[in-house]
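Chain residues, written in single-letter form:
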Amino acid sequence: MKPARTKTPRKPLVKKGSQTNLKDPVGVYCRVRPLSFPDQECCIEVINNTTVQLHTPEGYRLNRNGDYKETQYSFKQVFGTHTTQKELFDVVANPLVDDLLHGKNGLLFTYGVTGSGKTHTMTGSPGEGGLLPRCLDMIFNSIGLFQAKRYVFKSNDRNSMDIQCEVDALLERQKREAMPNPKTPSSKRQIDPEFADMITVQEFCKAEEIDEDSVYGVFVSYIEIYNNYIYDLLEEVPFDPIKPKWNSGSIPMRNTDFIPPQSKLLREDKNHNMYVAGCTEVEVKSTEEAFEVFWRGQKKRRIANTHLNRESSRSHSVFNIRLVQAPLDADGDNVLQEKEQITISQLSLVDLAGSERTNRTKAEGNRLREAGNINQSLMTLRTCMEVLRENQMYGTNKMVPYRDSKLTHLFKNYFDGEGKVRMIVCVNPKAEDYEESLQVMRFAEVTQEVEVARPVDKAICGLTPGRRLRNQARGGPVGDEPLATEVVLQSFPPLPSCEILDINDEQTLPRLIEALEKRHHLRQVMIDEFNKQSVTFKALLQEFDNAVLNKENYIQGKLNEKEKVISGQKLELERLEKKNKTLEYKIEILEKTTTIYEEDKRNLQQELETQNQKLQRQFSDKRRLEARLQGMVTETTMKWEKECERRVAAKQLEMQNKLWVKDEKLKQLKAIVTEPKTEKPERPSRERDREKVTQRPVSPSPVPNAPPVRLRHRRSRSAGDRWVDHKPASNVQTETVMQPHVPHAITVSVANEKALAKCDKYMLTHQELASDGEIETKLIKGDVYKTRGGGQSVQFTDIETLKQESQSGSRKRRSSTEAPAQPDGTECEWTDVETRCSVAVEMRAGSQLGPGYQHHAQPKRKKP
């Protein structure tokens, strides 16, 4: 039987520019919560302790025509539905706490859709504490005997710690205890039964190899990121009875209502670590105190009832645990008063709000805005992870958008600096969360490929180890040293034997009396010595009391001076804070003004570019128009030059013809005078004229008694339409045979809107003097259109020209064919061209004829 084929393992990608020996990948774990009901459809299956498999639910298979596939995702470790909180803590959180105790930073956050068990994993439930109380319990179990006294370490506003001496710490403790409502919880108070079951951890957990030559202090803070604003959940907001508080619904709040704190700002310290400025940091001495502080802030956290989760977290919460470590001095008695020797490590426990789809949660109003901000911050976290992975795998240097969200900006130093990062992906296996779970799995797959710099071990100081044990040995009692009563008894002389065996024994009693007298004498001496020492001791005690009183007075004076200095510093601090707020407000106004100016600048630049483009287009159009006009001028010039040449030639020909006609008349008169009357004049033919160069006879004048010719009206080609016949009063009546006649026309002397509204054609009769001095009549025709404004406009279409040439000065010509004999006996009929009806030539708009050119169909004739 052949063994089953397995997949070839994928070769690890070679990461450019990264040192694999100094970086560790982000540890991503998966926890599957149990189903709410046993009969629910499940879409997630645990294959083994490192792999889960996603099944497409039945509803999605039907919607996608049965096209589905099963997808597997690998994690560092997978925790099934039966995993206990202890097992999860031992694998995920225990190494982070151990690193915290050794001066290394850590980040642990839970990620998943709403209702997947993130808050349960982080906080826990009654009887089953989560990761947070277990981390606190392990810390205090490890450093319980080595904690510094309260207020030896004191936090400042620069994300660092100061060291106080024992006297200053004692005075501050007394001052804080005298306050009516101390902020620091007292370890003597009884545990709140509301969370007592959560912090009762049955399993004892303690870190190994704790530095016993150091003292430790634990400080906790609790913040939330709500709608991309940071709020301090431990801040005590004082109630002002004069100035009422208003909630988001513009309704004044009662005295018992919760007043939300002011949002905080992110700052960067001298080590380039991000921190929340002005955040409340509380020093705690036990697990109970720390969890009491957490529970106090947890009550202020934003939660709401949605369609998918009865108590849905509406904000990202961050619980910071800062461990301060300082070495003891060379004697092992007091804390070394050197700020440079302090080691501060931080563990951040983050409970992210769940990503959700508004169409499933039925969110409206504030819930909808909260969901949008939650999804936006989670999307920014995904984008940062993707850019980090791309930079590390391919050697690129893209800017990671940490500042797009307060969540990513706060933890920027973990990804760009050093420390361990752990993520627990919580998933709900029900089929309704399939699409959201798929997105969570893809994000987890990307996050596993991001690497973070491995933290380096830090040496605290170069002092000799074992200083605390040697100090205890010097201050404790020695076992072989005898007691004071034993020393006194041994100084007395021993008593002789008191046994009397004989009645006549006279030595035993005298020896006993002598020994007792010696003892009595020694006792008297010791009493005198004791009295002397008592007086001396009383004097020393009185002197010591006086010294103590003087010291107390001195300390009280110093305390008063320090209180004055502190009060002055507080006033100065308040002044600086007010100045800071004023400057921040001014900066905000300047930023808004700068934004407005930049927007105006962009608009003006765009407008300037638009105007420049418009000017460029106009310049280009102008150049094209100039070139076009230049061409038209050149073409028109050539055309007119040719026309002038043609006219000059025609005029020359006309003058030659006139001269020739005069010569002809003179010759004909001469012939008539010289020839006899019986002879009839013969009309010479053209062939004869061509053969013989003879005089051309003059044509006779038209017959005076010819029958009258009836005037003919030329019918317009558009006689079917209604016309406006515009004849100005200055026109002269012509006597041409052909007269313009349009039936059913409205004749006006001045064009008016009323006449134009009734017709759809327009004709203007225009008269002017031609170049030969004759009257030329032009009929300018056009179409009438209605305009949008309710008026009429005329668009001219063509021109008809009527011209009459007078008889005088015109030349006569002979017909090319012989006419029949006339009644008066003449052989032929002489025709005068100028007596014929003038031929009207219709000239349309755009005619190719030259300006003023009239075509009369005159035949070309050669000179005789």
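Refer to the structure presented above.
Residues numbered from 1 in each chain as written. Predicted model: local features only at pLDDT ≥ 70, side-chain atom pairs only at ≥ 80, totals over all residues. Heavy atoms only, no water.

A. Region of interest: the overall build of the protein chain. For the protein chain, the helix and strand inventory stands at 17 helices and 31 strands. Counting across all 864 residues of the protein chain, residues that qualify as buried make up 34%. Sequence separation of 24 or more characterises 72% of the internal contacts of the protein chain that already satisfy a separation of 6 or more. Summing over all exposed atoms, the protein chain offers an accessible surface of approximately 56,300 Å²; the carbon and sulfur share of this is 53%. (Helix = DSSP H or I, 4+ residues; strand = E, 2+ residues; numbered from the N terminus. Buried < 20%, exposed > 50% of the residue type's maximum accessible area, 1.4 Å probe, protein only. Contact = heavy atoms within 4.5 Å. Areas by Shrake-Rupley, 256 points an atom, 1.4 Å probe, with all protein chains shown as cover.)

B. Quick peek at the packing of helix α2 (residues 85–101) against helix α4 (residues 131–143). The contact between α2 and α4 brings their axes to 9 Å, and the two run at 45°. By the angle class used here, α2 and α4 are oblique. For the element pair α2 and α4, the recorded crossing hand is right-handed. Here Gln-85, Lys-86, Leu-88, Phe-89, Ala-93, Asn-94, Val-97, Asp-98, Leu-100 and Leu-101 of α2 come into contact with α4, specifically with Leu-131, Arg-134, Cys-135, Met-138, Ile-139, Ser-142 and Ile-143. (Axes fitted to C-alpha atoms, helices over the stretch in contact; angles between N-to-C directions. Parallel < 35°, antiparallel > 145°, perpendicular 65-115°, else oblique. Left-handed = near helix turned anticlockwise from the far one by under 90°.)

C. Broad picture of the pattern of salt bridges. Taken as a whole and judged by the stated rule, the model has 30 salt bridges. Residue Lys-264 is joined to Glu-235 by a salt bridge in which the shortest nitrogen-to-oxygen separation is 3.4 Å. Of the two residues, Lys-264 is situated in strand β14 (residues 263–264) and Glu-235 in the loop between β13 (229–232) and β14; the sequence distance between them amounts to 29 residues. A salt bridge links Arg-602 to Glu-599, with the nearest nitrogen and oxygen atoms 2.4 Å apart. (Salt bridge = Lys/Arg side-chain N within 4 Å of Asp/Glu carboxyl O.)

D. Fine view of the environment of Asp-798. Secondary-structure assignment places Asp-798 in strand β30 (residues 792–803). Since its relative accessible area comes to 6%, Asp-798 is described here as buried. Placed 19 residues apart in sequence, Asp-798 and Leu-779 show a C-alpha to C-alpha distance of 8.5 Å. Side chain to side chain, Asp-798 and Thr-797 meet in a polar contact 3.4 Å long. (Polar contact = N/O pair within 3.5 Å; in protein donor to acceptor, adjacent residues only side chain to side chain.)

E. Summary view of the nonpolar core. Among the nonpolar cores identified, the biggest contains 52 residues, and Phe-75, Phe-411, Phe-415 and Met-441 are the most heavily contacted of them. Other than its neighbours up to four places away in sequence, Phe-415 contacts Leu-107, Met-385, Leu-388, Tyr-402, Val-421 and Val-452. Of all hydrophobic cores here, the second largest spans 45 residues; its members include Leu-96, Val-97, Leu-131 and Ile-139. (Core = buried A, V, L, I, M, F, W, Y, C linked by side-chain atoms within 4.5 Å.)

F. A look at the side chain of Ser-116. Residue position: Ser-116 is located in the loop between β7 (106–112) and α3 (118–122). Under the relative-accessibility criterion, Ser-116 is labelled buried at 2%. At 2.7 Å, the side chain of Ser-116 forms a polar contact with the backbone oxygen of Val-113. In terms of polar contacts, Ser-116 uses its side chain to reach the backbone carbonyl oxygen of Cys-426, at 3.3 Å. Residues in contact with Ser-116, not counting those within four places in the same chain, are Arg-33, Cys-426, Val-427 and Asn-428.

G. Layout of the pairing of strand β2 (residues 27–32). With 6 of 6 residues buried, β2 lies mostly within the body of the structure. Neither face of β2 is left uncovered, since the one carrying Gly-27, Tyr-29 and Arg-31 and the one carrying Val-28, Cys-30 and Val-32 both have all their residues buried. Alignment of β2 against strand β22 (residues 420–427), held across 6 bridges, turns out to be parallel. Its bridge partner lying in β22, Gly-27 is registered against Arg-422. Both β2 and strand β6 (residues 77–79) contribute to a ladder of 3 bridges, which runs parallel. Directly across from Cys-30, in β6, lies its bridge partner Val-78. (Pairing = 2+ DSSP bridges.)

H. Main features of the state of the cysteines. Under the definition given, this model contains 0 disulfides. You can see Cys-43 has no disulfide; the closest cysteine sulfur is in Cys-42, sitting 6.0 Å from it. (Disulfide = S-S within 2.5 Å.)

I. The packing of aromatic side chains, seen in detail. Applying the stated criterion across every chain, the model contains 9 aromatic pairs. On the numbers, 5.2 Å between centres and 50° between planes, the contact of Phe-291 with Phe-294 is tilted. Of the two residues, Phe-291 and Phe-294 both sit in helix α7 (residues 287–298), 3 residues apart, roughly one turn of that helix. Just as Phe-291 is buried, Phe-294 falls in that class too. Ring pairing ties together the aromatic residues Tyr-222, Phe-291, Phe-294, Trp-295 and Phe-319, which thus form one cluster. (Phe/Tyr/Trp six-rings, centres within 6.5 Å; stacked < 30°, edge-to-face > 60°.)

J. Region of interest: a nonpolar patch on the surface. Together, Phe-537, Leu-541, Phe-544 and Val-548 make up an exposed nonpolar region whose accessible area comes to about 390 Å². Its place among the elements puts Leu-541 in helix α15 (residues 508–674). When its relative accessible area of 39% is taken as the criterion, Leu-541 is described as partly exposed. (Patch = residues over 30% accessible without salt bridge, like charges linked within 9 Å, V, L, I, M, F, W, Y side chains within 5 Å.)

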